[in-house]
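Structural description and commentary
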Amino acid sequence: MRYAIPGVVLVGLIVLFSVGLYLNPREVPSPLIGKPAPAFSLPLLADGTTYTAQDLKGRPLLVNFFASWCVGCQVEHPLLLRLAQRDGVEIVGMDYKDTPADINDYLKRHGDPYRRVVEDAQGTAGLDWGVYGVPETFVLDAGGTIVYKQIGPMTEQVWQEKIRPLLKERG
Amino acid sequence: MIPELGHFALILALGVAIAQVLVPAYGLWRHDGRALALATSAAQAQFLLVITAYLSLTWCFVSKDFSVAYVAANSSSELPLMYRLTAVWGAHEGSLLLWVMILSGWTLAVATFNRRLPADIAATALAVLGCISIGFLLFMLLTSNPFLRQFPVPADGHDLNPLLQDPGFISHPPMLYMGYVGFSVAFAFAIAALITGRMDAAWARWTRPWTTTAWMFLTLGITLGSWWAYNELGWGGWWFWDPVENASFMPWLAGTALIHSLAVTEKRGLLKSWTVLLAIIAFGLSLLGTFLVRSGILVSVHAFATDPARGIFILGFLGTVLGLSFLLYAWRAPKLVSEGEMDLFSREGLLLINNVFLITACASVLLGTLYPLAVDALHLGKISVGPPYFDAVFIPLFAPLLLLVGLAAAVSWKRARVGEVWRRLRMPLLVAVAIAVLLPLALRYRLSLPVMAGSFLGLWAIVTAGQEVWRRIRAKSDFISGLRGVPRGVWGMSLAHFGLGVWALGICFVSGYSIERDARLTPGGDGVALGGYSFMLDDVSPRLGPNYKSDYGTVSIGHNGRIIAQLHPEKRLYDATGSVQTESAVDFNLLRDLYVAMGEPMDNGDWTLRLYLKPMMHMVWLGGVLMFLGGLLAATDRRYRLSRAVERSAADDALSMAADA
Amino acid sequence: MMKQSLVLILALWLGTGAALAAGPQPEDSFAADVQGSLNPAQEARYQALTRELRCMVCMNESIADSTAALANDMRMQVRKQIIAGRSDAQILKYLTDRYGDFVLYNPPFKRLTLLLWLGPLLLVLLALALALAFVRRSHRRSKAVTVNEQALKQLLDENRPS
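Worth saying up front: this structure is predicted, and the values here are computed from it rather than measured.

Comments concerning the overall build of chain C
Helix and strand counts for chain C stand at five helices and zero strands. For chain C, the sequential pattern of α-helices and β-strands runs α-α-α-α-α. A burial count over chain C gives 43% of its 162 residues as buried. Taking all contacts inside chain C whose residues are at least 6 apart in sequence as the whole, residues at least 24 apart take part in 54%.

Here we look at the environment of A:Ile151
Residue and element names in this part refer to chain A. Mapped onto the fold, Ile 151 is located in strand β7 (residues 146-151). The exposure class assigned to Ile 151 is buried, which follows from its relative accessible area of 9%. Along the chain, Ile 151 and Phe 138 lie 13 residues apart, while their C-alpha atoms are 8.8 Å from each other.

Quick word on unusual backbone geometry
At the junction of A:Val134 and A:Pro135, the peptide bond is cis and its omega measures out at 0° in the coordinates. Of note, A:Pro135 is situated in the loop between α4 (124-128) and β6 (136-140). The omega torsion of the bond from B:Phe151 to B:Pro152 falls at 5°, within 30 degrees of zero and hence cis. Residues other than glycine seldom take positive phi values, yet B:Lys414 does so here, at roughly 70°.

Some remarks on the state of the cysteines
Considering all chains together, one arrives at two disulfides over all chains under this definition. Here A:Cys70 connects covalently by a disulfide to A:Cys73, the sulfurs 2.1 Å from one another. On the sign convention where negative means left-handed, the S-S torsion of about 100° between A:Cys70 and A:Cys73 marks this disulfide as right-handed. Residue A:Cys70 is classed as buried on the basis of its relative accessible area, which comes to 0%. Two residues share a disulfide in this structure: C:Cys55 and C:Cys58, whose sulfurs sit 2.0 Å from each other.

Describing the sheet that holds β7(A)
Strand-to-strand pairing in sheets goes through backbone hydrogen bonds, with the strands running parallel or antiparallel. All names here are of chain A. Strands sit in the order β5-β4-β3-β6-β7 across an open sheet of five strands; the sheet is mixed. Looking at which strands have only one partner, the edges of the open sheet turn out to be β5 (116-120) and β7. Taken pair by pair, the neighbouring strands of this sheet meet at an average axis angle of 20°, ignoring direction. Pairing of strand β3 (residues 61-66) with strand β4 (residues 91-96) involves five bridges; the strand directions are parallel. Across the sheet, the residue bridging to Asn 64 is Gly 93, located in β4.

Observations concerning the packing of helix α9 (residues 243-268) of chain B against helix α12 (residues 347-377) of chain B
Residues and elements named next belong to chain B. The geometry of α9 relative to α12 is characterised by a closest axis approach of 9 Å and an angle of 160° between their N-to-C directions. With respect to α12, the axis of α9 lies roughly antiparallel. When the axes of α9 and α12 are compared, the crossing they make is left-handed. Residues Pro 243, Asn 246, Met 250, Leu 253, Ala 254, Thr 256, Ala 257, His 260, Ser 261, Ala 263, Val 264 and Arg 268 of α9 form the contact with α12, whose participating residues are Glu 348, Leu 351, Asn 354, Asn 355, Leu 358, Ile 359, Ala 361, Cys 362, Val 365, Leu 366 and Thr 369. For the contact of α9 with α12, the per-class residue count stands at 14 nonpolar, seven polar and two charged.

With respect to the pairing of strand β7 (residues 580-583) of chain B
All names here are of chain B. The pairing of strand β6 (residues 570-574) with β7 spans four bridges and is antiparallel. Paired with Leu 573 across the strands is Val 580, a residue of β7. Hairpin geometry of β6 and β7 is characterised by an intervening segment of five residues between the two adjacent antiparallel strands and by a positive phi of about 70° at Gly 578.

Some details on the pattern of salt bridges
Residues and elements named next belong to chain B. Applying the stated criterion across every chain, the model contains 32 salt bridges over all chains. Asp 343 is the salt-bridge partner of Arg 415, the closest N and O atoms lying 2.6 Å from each other. Taken together, the positions of Arg 415 in the loop between α13 (387-410) and α14 (418-442) and Asp 343 in the loop between α11 (308-332) and α12 put the pair 72 residues apart, joining distant regions of the chain. The class for Arg 415 is exposed, based on a relative accessible area of 55%. Assessed through its relative accessible area of 16%, Asp 343 is described here as buried. The salt bridge partner of Arg 347 is Glu 468, with a shortest N-O separation of 3.0 Å.

Let's talk about the side chain of B:Thr608
Here B:Thr608 lies in strand β10 (residues 607-615). A distance of 2.7 Å separates a polar side-chain atom of B:Thr608 from the backbone nitrogen of B:Glu600.

Digging into the packing of helix α8 (residues 201-233) of chain B against helix α19 (residues 617-635) of chain B
All names here are of chain B. Their axes nearest at 8 Å, the elements α8 and α19 cross at an angle of 165°. Put simply, α8 runs roughly antiparallel to α19. With respect to the hand of their crossing, α8 and α19 are arranged in left-handed fashion. Across the interface between the two elements, Pro 209, Thr 212, Thr 213, Trp 215, Met 216, Phe 217, Thr 219, Leu 220, Thr 223, Ser 226, Trp 227 and Tyr 230 of α8 pack against Met 617, His 618, Trp 621, Gly 624, Val 625, Met 627, Phe 628, Gly 631, Leu 632, Ala 634 and Ala 635 of α19. Residue composition of the contact of α8 with α19, grouped by class: 15 nonpolar, eight polar and no charged.

Quick word on the sheet that holds β10(B)
All names here are of chain B. A sheet is described by the order of its strands in space; here four strands give the open sequence β1-β10-β9-β8, paired in antiparallel fashion. Sheet topology places β1 (515-521) and β8 (585-588) at the edges, where each strand pairs with a single neighbour. When strand polarity is set aside, the average angle formed by the axes of neighbouring strands in this sheet is 20°.

As for helix α4 (residues 88-99) of chain C
An ideal rise of 1.5 Å per residue puts 16 Å on 12 residues; α4(C) measures up with 16 Å between its terminal C-alpha atoms. The set of residues buried in α4(C) consists of C:Ile91, C:Leu92, C:Tyr94, C:Leu95, C:Thr96, C:Arg98 and C:Tyr99. Residues of α4(C) that are buried make contact with α4 of chain A together with α2 (40-52) and α3 (69-83) of chain C. Directly after α4(C), the chain includes C:Gly100, whose backbone phi takes a positive value near 85°.

Let's talk about the confidence of the model for chain B
Looking at chain B as a whole, its pLDDT mean stands at 91, while 97% of the residues score no less than 70. In the model of chain B, helix α20 (residues 644-660) of chain B stands out as the element of lowest mean pLDDT, 54, in contrast to α19(B), which has the highest, 97.

Digging into the interface of chain A and chain B
With 21 residues of chain A in contact, the opposing surface of chain B contributes 27 residues. Summing both partners gives a buried area of about 2,000 Å² for chain A against chain B, and 85% of it is carried by carbon and sulfur. Taken together, the connections running from chain A to chain B amount to zero salt bridges. On the surface where chain A and chain B come into contact, there are two residue pairs in polar contact (both at pLDDT 80 or more).

Comments concerning the environment of B:Arg472
For B:Arg472, the location among the structural elements is in helix α16 (residues 467-475). Separated by 10 residues in sequence, B:Arg472 and B:Gly482 have C-alpha atoms that sit 6.4 Å apart.

Comments concerning the interface of chain C and chain B
Counting residues at the interface gives 47 residues for chain C and 52 residues for chain B. For the chain C and chain B pair, buried surface summed over both sides reaches about 4,300 Å², with 69% attributable to carbon and sulfur atoms. At the surface where chain C touches chain B, the tally comes to one salt bridge. A salt bridge links B:Glu516 to C:Arg51; its shortest N-O distance comes to 3.0 Å. Every element with two or more residues in the side of chain C that touches chain B is listed here: α1 (2-21), α2 and α5 (114-158) of chain C. Top element by residues in the side of chain C that touches chain B is α5(C). It accounts for 18 residues.

Examining the packing of aromatic side chains
All names here are of chain B. Taken as a whole, this structure holds 41 aromatic pairs over all chains when the rule is applied. Summarising the aromatic geometry, the rings of Phe 136 and Phe 317 are spaced 5.4 Å apart at their centres and angled 85° between planes, so their arrangement reads as edge-to-face. Residue Phe 136 is located in helix α6 (residues 119-143), and its partner Phe 317 is located in helix α11; the two are separated by 181 residues in the primary sequence. Judged by its relative accessible area of 14%, Phe 317 falls in the buried class.

How each quantity is defined
- Residues numbered from 1 in each chain as written.
- Chains lettered and ligands numbered in written order.
- Predicted model: local features only at pLDDT ≥ 70, side-chain atom pairs only at ≥ 80, totals over all residues.
- Heavy atoms only, no water.
- Helix = DSSP H or I, 4+ residues; strand = E, 2+ residues; numbered from the N terminus.
- Buried < 20%, exposed > 50% of the residue type's maximum accessible area, 1.4 Å probe, protein only.
- Contact = heavy atoms within 4.5 Å.
- Disulfide = S-S within 2.5 Å.
- Pairing = 2+ DSSP bridges.
- Axes fitted to C-alpha atoms, helices over the stretch in contact; angles between N-to-C directions.
- Parallel < 35°, antiparallel > 145°, perpendicular 65-115°, else oblique.
- Left-handed = near helix turned anticlockwise from the far one by under 90°.
- Nonpolar A, V, L, I, M, F, W, Y, C, P; charged D, E, K, R; others polar.
- Salt bridge = Lys/Arg side-chain N within 4 Å of Asp/Glu carboxyl O.
- Polar contact = N/O pair within 3.5 Å; in protein donor to acceptor, adjacent residues only side chain to side chain.
- Expected span 1.5 Å × (residues − 1).
- pLDDT = per-residue confidence, 0-100.
- Buried area = accessible area lost by both parts, 1.4 Å probe.
- Phe/Tyr/Trp six-rings, centres within 6.5 Å; stacked < 30°, edge-to-face > 60°.

This is the structure we're talking about:
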């Protein structure tokens with residue numbers, strides 16, 4: 001019966017690979033889920049006043065890391081506009097490794113869905129939030145805890161199935 | 001016209017491959033000799049058709065036919081001819097065509113050199129190879145056709161990936177594929193043994209040269225890949241335990257176990273079902289490698305850009321081939337009974353232990369490579385398994401093999417006496433220990449116990465490599481006839497083991513004594529020192545290449561007051577893709593490499609450079625080349641190339657050799 | 001459904017890849033590593049650590065070898081923390097707190113990786129045991145054959161025509 005062992009091992013491997021084909025090896029889940037939003041203290045784009053993680057508390061909202069040079073951000077931008085304008089979702093934009101001139105130009109051209117835009121010119125907040133590419137969107141509850149992280153552009157499906165319910169229940 | 005010709009040739013080849021399987025299968029069932037013989041004609045026809053397809057694609061590249069989508073994606077009007085000829089295998093579809101062409105070549109070889117095989121075994125093996133061809137041809141025709149046209153025809157192509165525009169690219173894939181695909185022959189013979197239920201010493205004797213040949217090409221392919229990565233990627237590394245690298249290393253480990261297991265099966269008729277299993281596993285790992293590299297399931301710099309849908313096809317093919325093989329194995333292997341006893345302290349016993357460590361090392365590499373995938377599949381998170389793990393696990397598993405290499409050559413077949421073996425190995429042991437201690441002192445490196453231990457193992461393999469040759473020479477009355485009397489197979493084994501020792505020695509020194517430094521240098525200004533050498537940046541000037549613009553650096557290296565080398569690292573910007581490529585520059589001899597890579601330009605004209613001193617780096621690849629040459633010698637041993645009449649006397653020779661050893 | 005999921009995965013994957021690829025060029029990726037501010041012991045630690053840490057935006061490279069902007073950021077962070085006197089464990093924890101265990105090329109020894117780290121040892125012990133069992137079995141089998149041969153010989157001797 002030991003002659004059947006190679007076959008058994010093979011079956012296990014085939015099952016593993018079949019499941020594996022549907023996974024994305026480059027998507028890394030965040031260890032910050034369930035933890036408070038990491039502290040930061042950065043200037044606002046609008047007037048340069050300091051904005052901190054404390055200012056994110058008190059109501060559920062989305063924190064969206066984006067940049068003017070980012071192709072994927074443009075893909076999700078229309079959806080963000082709709083969420084902000086039609087559904088009244090509060091989105092705080094973290095402008096990652098960008099310049100005020102470029103981002104102002106970008107927002108003028110494509111529209112501005114952000115309640116506030118924070119300038120993370122050096123990417124320090126990005127590092128602390130475990131950002132490894134843009135766009136990335138974090139869902140925060142009223143207590144300022146991160147409850148979900150969307151890696152890559154947000155889609156209608158993800159909004160409906162994952163993010164909206166979270167905002168509703170924490171609202 | 002030409003692309004369509006190539007496409008059509010592939011379709012015909014598929015038809016021929018199907019005939020290559022069905023007609024001999026019928027011939028086996030009905031004992032029809034003529035049907036069996038068709039396999040040979042089919043193999044010849046398939047080779048001609050596939051070569052036609054391959055040459056068509058090559059023609060499209062050479063003639064810059066950008067109406068063919070694959071050519072447009074991997075070539076450009078400025079691409080030099082040398083790379084246009086080889087860009088054929090630059091991406092997924094074309095490399096599959098290379099795979100299929102090499103497979104048809106091996107199939108033809110088996111069909112041509114099978115005169116000593118019984119007709120049914122030869123036909124079965126060809127039919128099995130035909131099945132593999134069917135799988136790959138179907139894969140190409142259904143999902144990965146290199147001949148697809150695109151309209152409108154673009155004015156220029158996307159250019160070959162700059163990483164691939166390097167001499168290493170010309171040699172590495174064909175050699176690697178010769179190895180991967182070559183294991184299909186051992187696989188085919190193993191399946192034939194299972195189906196016909198016949199497996200004797202003669203079977204092992206036929207299978208050995210094919211397997212050794214495949215092994216030697218794989219060794220060379222891996223060596224070239226490592227050398228290429230070192231020169232091309234700019235970070236001085238030569239092995240990263242990347243999933244794609246592991247995908248080539250695992251068949252190598254299994255293949256090495258196989259060639260040693262075959263030796264036992266040929267000499268003593270033992271380990272029959274184990275050898276058959278190894279043959280299936282070695283080729284199975286080649287197929288697994290194909291899957292891992294092309295399905296996108298693992299992240300790697302070396303992976304082909306392809307998609308999960310293709311992955312499903314390869315997985316299905318892999319599952320079918322291996323599933324049927326293991327099913328056949330479970331059913332028929334119990335019939336392959338080995339008769340005879342094995343003593344642990346005998347050559348066959350030590351070769352069994354050799355297999356234990358090789359297969360465990362192979363399984364461990366597989367475990368490390370697939371573990372992140374398994375963790376992700378079970379939704380337990382995402383982890384990475386990288387060089388720290390593989391080094392920690394592989395080195396202890398491989399070290400005993402270096403010990404065994406010297407030990408087994410002193411131990412005779414059937415039964416050996418400890419006293420006799422000790423007498424043979426006393427001197428080599430002393431010499432190896434002495435050199436291991438003295439070498440770092442002589443080269444003025446700091447003493448390091450891990451390096452000494454490792455270099456002892458390498459030196460042990462080197463010093464003991466010649467003992468079998470030496471014993472055979474001493475057995476004869478004079479030196480010349482002694483020299484002549486040594487069979488090529490023994491020369492080959494000795495050279496390969498010698499190469500292994502050189503490889504191990506190089507790895508120890510390069511791992512233990514490498515130094516690196518990043519420096520900011522002013523052109524024409526002061527240099528920096530690294531390990532007794534001084535590096536000065538003379539100049540960086542812009543230059544124009546055939547399809548790129550480059551910042552061409554000139555670095556002078558001084559040692560003991562003299563300039564000993566002038567290197568030209570570059571930073572290239574390729575026109576078509578806009579991608580930036582670092583071309584590092586190396587000054588090497590066997591004792592050390594001096595490696596320079598360009599970093600970034602600074603505002604004031606300075607440049608940052610990365611500098612390395614890597615002791616004995618080229619010994620690593622020299623070792624690989626020596627192993628290749630050893631395999632070449634072993635595979636071309638006289639007793640494999642004999643006609644039936646002379647075979648009987650060769651068999652007598654083999655018996656007397658076995659008696660001496 | 002399957003096809004849609006595949007397309008979605010592919011799109012997300014490519015989208016992420018495109019976003020990551022279109023990053024701004026690092027000011028000076030190598031200059032950040034230029035020696036001068038680390039003593040030799042610190043330098044050795046820096047090189048060892050950066051080789052063990054994975055570049056989050058690359059196709060399997062360490063932050064030591066990668067020229068990506070994020071890799072540069074992470075290298076500078078490691079350098080800063082070494083100078084600030086943090087231990088290797090603290091620096092690694094800083095990064096795993098933010099990126100998870102994925103960022104470590106040396107998988108931590110925990111319950112999840114038990115099989116990974118102990119596997120090779122168990123495999124080699126198992127393989128050695130099987131090899132020894134095979135050797136013993138070969139002796140028993142050959143002894144059985146020898147016994148039969150003796151019995152056969154005896155029979156032949158007894159029945160030899162005289």
